[in-house]
Amino acid sequence: MTSTRPAALFRSLHTPARPLALANAWDVAGARIMEAAGAPAIATTSAGVAWSLGAPDGDRISRDLALDAVARIAAAVTVPVTADIEGGHGETPAEVADTVTRVLEAGAAGVNIEDGTRPPGTLAARLEAVRAAADRAGADLFVNARVDTYLLGLGDPATRLRDTLERARSYVDAGADGIFVPGVTDPDLIAALAGALTVPLNVLAGPGAPSVKELGALGVARVSLGSGIAEAAYAVARRAARELYGAGTYDSLRPLQQDLDYTHLNDLLGTTG
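Here we summarise the structure given alongside this text.

Each value, and the rule that gives it
- Residues numbered from 1 in each chain as written.
- Predicted model: local features only at pLDDT ≥ 70, side-chain atom pairs only at ≥ 80, totals over all residues.
- Heavy atoms only, no water.
- Helix = DSSP H or I, 4+ residues; strand = E, 2+ residues; numbered from the N terminus.
- Rg over C-alpha atoms; globule rule 2.2 N^0.38 Å.
- Buried < 20%, exposed > 50% of the residue type's maximum accessible area, 1.4 Å probe, protein only.
- Contact = heavy atoms within 4.5 Å.
- Areas by Shrake-Rupley, 256 points an atom, 1.4 Å probe, with all protein chains shown as cover.
- Lys, Arg positive; Asp, Glu negative; His and termini not counted.
- Charge placed at Lys NZ, Arg CZ, Asp CG, Glu CD.
- Core = buried A, V, L, I, M, F, W, Y, C linked by side-chain atoms within 4.5 Å.
- Pairing = 2+ DSSP bridges.
- Right-handed = clockwise from strand over helix to strand, strands pointing away.

Concerning the overall build of the protein chain
No. 1: Along the backbone of the protein chain there are 12 helices and eight strands.
No. 2: Relative to the 2.2 N^0.38 estimate, which gives 19 Å for 273 residues, the radius of gyration of the protein chain is 19 Å and therefore close to what a compact globule would have.
No. 3: Looking at the protein chain as a whole, 46% of its 273 residues are labelled buried.
No. 4: Long-range pairs, those at least 24 residues apart, make up 67% of the contacts in the protein chain with a sequence separation of at least 6.
No. 5: Roughly 13,000 Å² of accessible area belongs to the protein chain as shown, and the carbon and sulfur atoms make up 54% of that amount.
No. 6: Positive and negative side-chain charges of the protein chain, numbering 23 and 32 respectively, have mean locations separated by a distance of 1 Å.

Here it is, written out as structure tokens:
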């Protein structure tokens, strides 16, 4: 039987009183850096994993590659890990259930699964399969269902809040433990979502969004950076490369190396498993 302790801890971290802040990692080094910085849990980012493997985000890498990243990260940290499995890495609910079984074997305490442009009923069926797979494994898996109405601009803006909540309720009925609504930063809208939901609300944050504390006051229980850190990391690589092949200098690296140099990073990774 799968241990329920990491999942129980992960579940307990979802509270507006002190929202769970997730920096989102895509490899072991990033996960270890985040854990050392004080992360109470680690979430993967499907975009970061895909980019690191030379593929675009959006259900484009194989399930094996995605789950290998989850397993490596889960083995390298001591805090709970939740896996971004995009749409479930499968075309049918049965295939999605198999994904979840393997996610649990990889050591994850939670999953994030999204609807995207699929009909809401498709994700609801997948969520039922996810919950059934977790139950068969004896696992207290935290299932976070992502509603993409605002992120992708789906439907009529005038009814988008209502449509989002209808989707969210159907996902909770199907087995979701939390609802993730990326693409919202307006405080009134966030408060309306949080007030209408019966499960923890997760939002996507970045520059310009309310602080974690402010989001908690609005009723948010979980705050994610998504692909933000991966984007920033690759922006550093591009900036340094442009400087090198343009001016032939390297000054953009100096402040970054002073913050996290070779020795620090090497020592940090030397403490893994």
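What to know about the nonpolar core
No. 1: In terms of nonpolar packing, the biggest core is built from 46 residues, with Leu 127, Tyr 171, Ile 179 and Leu 201 touching the most fellow members.
No. 2: Elements with a contribution of two residues or more to this core: α4 (63-76), α5 (93-106), β4 (110-114), α6 (120-137), β5 (142-146), α7 (160-173), α8 (187-196) and β7 (201-204).
No. 3: In terms of residue count, α6 provides more of this core than any other element does, seven residues in total.
No. 4: Core analysis: the next-biggest nonpolar cluster, separate from the first, contains 10 residues, Ala 31, Ala 74, Val 77 and Val 81 among them.

Concerning the pairing of β5
No. 1: With respect to burial, β5 is a largely interior element, five of its five residues being buried.
No. 2: Side-chain alternation along β5 places Phe 142, Asn 144 and Arg 146 on one buried face and Val 143 and Ala 145 on a second face that is also buried.
No. 3: As defined by bridge partners, β4 adjoins β5 across five bridges and the pair is classed as parallel. Note on β5: the bridge partner recorded for Glu 114 is Arg 146.
No. 4: The parallel pair β4 and β5, bridged by α6, forms a crossover whose chirality is right-handed.
No. 5: As judged from the three bridges shared by β5 and strand β6 (residues 178-180), these two strands associate in the parallel manner. The residue of β6 that forms the bridge with Arg 146 is Phe 180.
No. 6: Note on the crossover from β5 through α7 to β6: the handedness is right-handed.

Thoughts on unusual backbone geometry
No. 1: Positive phi, close to 65°, is recorded for Asn 24, a residue that is not glycine.
No. 2: Along the polypeptide, Asn 24 turns up in the loop between β1 (20-22) and α2 (28-36).
No. 3: A relative accessible area of 6% means that Asn 24 is categorised as buried.

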